[in-house]
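# Descriptive structure summary
Each chain is listed here by its residues.
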Amino acid sequence: MTETQPLIFRKGLDMKEAVAGELAADYHSALVDEVRAGNYRHDKGRVTVHLAREFGFCYGVDRAVDYAYQAVARFPGRNVCLTGEIIHNPHVNDRLRAGGIRFLSDPGEKGRALGPDDVVIIPAFGITVEEMADFSARGCTLVDTTCGSVLNVWKNVVRYAQDGFTAVIHGKVKHEETRATASQALKHPRGRYIVVLDRAEAAVVCGYIRSGGDRAAFLARFAGAVSPGFDPDTDLVRVGCANQTTMLMSESLEIGEMVGAAVRDRYGDAELPRHFRAFDTICSATQERQDAVEALLDSEPVDLMIVVGGYNSSNTVNLARICAARIRTYHISDPSCLLSADQIRHRPVGAPSTVKADEVMTEHWLPDEGRVVVGLTAGASTPNNIVGQVIETLDRYAST
Ligand code: SF4
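Summarised in this report is the structure supplied together with it. (Residues numbered from 1 in each chain as written. Predicted model: local features only at pLDDT ≥ 70, side-chain atom pairs only at ≥ 80, totals over all residues. Heavy atoms only, no water.)

Within the protein chain one finds 15 helices and 16 strands. By the compact-globule yardstick of 21 Å for 400 residues, the protein chain fits well, its C-alpha radius of gyration being 23 Å. Each principal axis of the C-alpha distribution contributes one length, and for the protein chain these read about 65 × 55 × 35 Å. A burial count over the protein chain gives 55% of its 400 residues as buried. Contacts in the protein chain between residues far apart in sequence, at least 24 positions, make up 72% of those at least 6 positions apart. For the protein chain, the exposed surface amounts to about 17000 Å²; the carbon and sulfur share of it is 51%. Counting 43 positive and 52 negative side-chain charges, the protein chain places the averaged centre of each group 4 Å from the other. (Helix = DSSP H or I, 4+ residues; strand = E, 2+ residues; numbered from the N terminus. Rg over C-alpha atoms; globule rule 2.2 N^0.38 Å. Buried < 20%, exposed > 50% of the residue type's maximum accessible area, 1.4 Å probe, protein only. Contact = heavy atoms within 4.5 Å. Areas by Shrake-Rupley, 256 points an atom, 1.4 Å probe, with all protein chains shown as cover. Lys, Arg positive; Asp, Glu negative; His and termini not counted. Charge placed at Lys NZ, Arg CZ, Asp CG, Glu CD.)

Further remarks concern the pairing of strand S3 (residues 47–51). Side chains on a regular strand alternate between the two faces of the sheet. Counting buried residues along S3, 5 of its 5 residues qualify, which places the element largely inside the surrounding structure. Because side chains alternate across S3, one face comprises the buried residues Val-47, Val-49 and Leu-51, and the other comprises Thr-48 and His-50, equally buried. Judged from the 4 bridges that link them, strand S2 (residues 41–44) and S3 form a sheet pairing that is antiparallel. Within S3, the position partnered with Lys-44 by the bridge is Val-47. (Pairing = 2+ DSSP bridges.)

The full count for this structure, using the stated rule, is 24 salt bridges. Across the pair Asp-43 and Arg-371 runs a salt bridge whose closest N-O atoms are separated by 4.0 Å. Taken together, the positions of Asp-43 in strand S2 and Arg-371 in the loop between strand S15 (360–363) and strand S16 (372–378) put the pair 328 residues apart, joining distant regions of the chain. Close ionic contact of Arg-199 with Glu-254 constitutes a salt bridge, the shortest N to O distance being 2.7 Å. Residue Arg-199 is located in helix H8 (residues 199–211), and its partner Glu-254 is located in helix H11 (residues 249–267); the two are separated by 55 residues in the primary sequence. (Salt bridge = Lys/Arg side-chain N within 4 Å of Asp/Glu carboxyl O.)

Another point: the environment of Asp-62. Along the chain, Asp-62 turns up in helix H3 (residues 59–74). The class of Asp-62 is partly exposed, set by a relative accessible area of 44%.

This part takes up empty space enclosed by the protein. Unoccupied space between atoms shows up once a probe the size of one water molecule is rolled over them. Scanning the model with the defined rule gives 1 cavity of 30 Å³ or more in all. Counted as a void, the largest cavity has a volume near 300 Å³. If you go around the largest cavity, you meet 24 residues; those closest to its centre are Cys-58, Val-61, Phe-125, Thr-246 and Asn-315. For the lining of the largest cavity, the class distribution of residues is 12 nonpolar, 11 polar and 1 charged. (1 Å grid on protein atoms, 1.4 Å probe; cavity = no way out; pocket = protein on both sides within 12 Å on 5 of 7 lines; lining within 4 Å. Points joined across faces, edges and corners; volume = space filled by probe spheres on them. Nonpolar A, V, L, I, M, F, W, Y, C, P; charged D, E, K, R; others polar.)

Attention shifts here to the sheet that holds strand S9 (residues 192–196). Across the sheet, which stays open at both edges, the 4 strands sit in the order S9-S8-S10-S11 with parallel pairing between neighbours. The open sheet is flanked by S9 and strand S11 (276–278), the only strands paired with a single partner. Put simply, the sheet's adjacent strands are angled 25° from each other on average, direction ignored. Across the sheet, helix H6 (residues 148–162) is in contact with strand S8 (166–170), strand S10 (239–243) and S11; its angle to S10 comes to roughly 165°. Along the sheet face, H8 touches S9 and S10 and points at about 135° away from the line of S9. (Axes fitted to C-alpha atoms, helices over the stretch in contact; angles between N-to-C directions.)

Here the focus is the side chain of Ser-333. When you line up the elements, Ser-333 lands in the loop between strand S13 (329–332) and strand S14 (343–346). Setting aside its immediate chain neighbours within four residues, Ser-333 contacts His-91, Val-308, Gly-309, Tyr-311, Glu-359 and Ile-386.

What follows concerns the packing of aromatic side chains. Enumeration according to the criterion identifies 6 aromatic pairs in this entry. For the ring pair Tyr-330 and Trp-365, a centre distance of 6.1 Å and an interplane angle of 80° mean the geometry is edge-to-face. With Tyr-330 in strand S13 and Trp-365 in the loop between S15 and S16, the pair connects residues that are 35 residues apart, well separated along the chain. On the accessibility criterion, Tyr-330 (5% relative accessible area) is buried. (Phe/Tyr/Trp six-rings, centres within 6.5 Å; stacked < 30°, edge-to-face > 60°.)

Turning to its location among the elements, Thr-178 is positioned in helix H7 (residues 176–185). With near-sequence residues (within four places) excluded, Thr-178 lies in contact with Ile-169, Gly-171, Lys-172, Val-173, Val-195 and Gln-244.

Here S13 shows two buried faces, one formed by Thr-329 and His-331 and the other by Tyr-330 and Ile-332. When strand S12 (residues 304–308) meets S13, the two strands line up parallel, connected through 4 bridges. In the strand pairing of S13, Ile-306 is matched with Tyr-330. At this point the chain moves from S12, through helix H14 (residues 314–324), to the parallel S13, and the crossover so formed is right-handed. (Right-handed = clockwise from strand over helix to strand, strands pointing away.)

The next point concerns the sheet that holds S16. In space, the 5 strands of this open sheet follow the order S2-S3-S16-S12-S13, with mixed pairing throughout. At either end of the open sheet lies a strand with only one pairing partner, and these are S2 and S13. In this sheet, neighbouring strand axes are inclined to one another by 20° on average, regardless of whether the strands run parallel or antiparallel. Packing against the sheet, helix H15 (residues 384–397) makes contact with S2, S3, S12, S13 and S16, and its axis sits at approximately 165° to S16.

In this section: helix H13 (residues 284–299). If you check H13, its first and last C-alpha atoms are 22 Å apart, about what 16 residues at 1.5 Å a residue would give, namely 22 Å. Buried residues in H13 make contact with S3, H3, H11, S12, H14 and S16. (Expected span 1.5 Å × (residues − 1).)

Structural data, given as structure tokens:
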């Protein structure tokens, strides 16, 4: 191997056992284990907590965090960097910083020249094709933690591009995963993409598929969300649906159906396969967490829901949306948001999903007296120790 050839680790670094204790110390919660063993129910004083049966770290996040710890152990004395947040949870990211990992997205790190001595960890949601090529060209050692579910989306998007289908991606245009997925479409000269955020944007695309429209207005509306040179008159003739893996499953499915119906209206049933493709790209972990919270709300008489996770975590934001549609819901980033039995700091459901989303304070969030049943879940990037600390904090308020 020459000095500039990249070394890419995709299957672990042979240090799993060495870091297992450290991972457990940083993220494990005996209390969460106890609640699980107790049929996901926890009683203390006047408060009963029902924990969703699927919550917290997903398999992709588990693996990414594990690999990051392994990278530090495997390459002592070398610069170990992350391209940005490994997952959207501030506690996990801060813990990695404390462990010596540098974040290329941090102030002061931007534009730092990397070379063969640097180890670069690629996060679970992946990076763009260009970024990957750049790190490879510099000869960096790459620890690729891109989740298999994300790779599955990429495989299908590349196939769309090869077959001349434009990828209609249900996602957030600035989210790392959606940026990475969109870049995959451009690996092929015929590749095109358009990113739609929600049903409203999908409806605009469907309108254009059905009957065309004002091309300039369309391009203005989707500025920054389409591939370079995108022409809706020619690039919406053959479309394939994909999505960011952490979107609201019901919305992704509905958008797929909307686009399919628009294509059918335009070209007819017989022509549908020549103009439309779709495949299921919501990852199973996201789906299980969304299903589990619905099941909890169906089966338990909860008075309110607490959803724990980063404010920029797409899957956490979507869990909060599901809950808020049915019950009073508080999306909190961590237990420090539970200021007292009377005051809670939280991100309003529906607010922009950014790291520094404006929090609001709500008073009287716990009833002053009588029994209270609290439903609890956590996004796929929230470690168990944070969930456990939330339960401990509720325990303290249970006797007030
Ligand atoms: S949310 Fe799904 S796609 Fe994302 S890391 Fe977890 S398992 Fe993978």
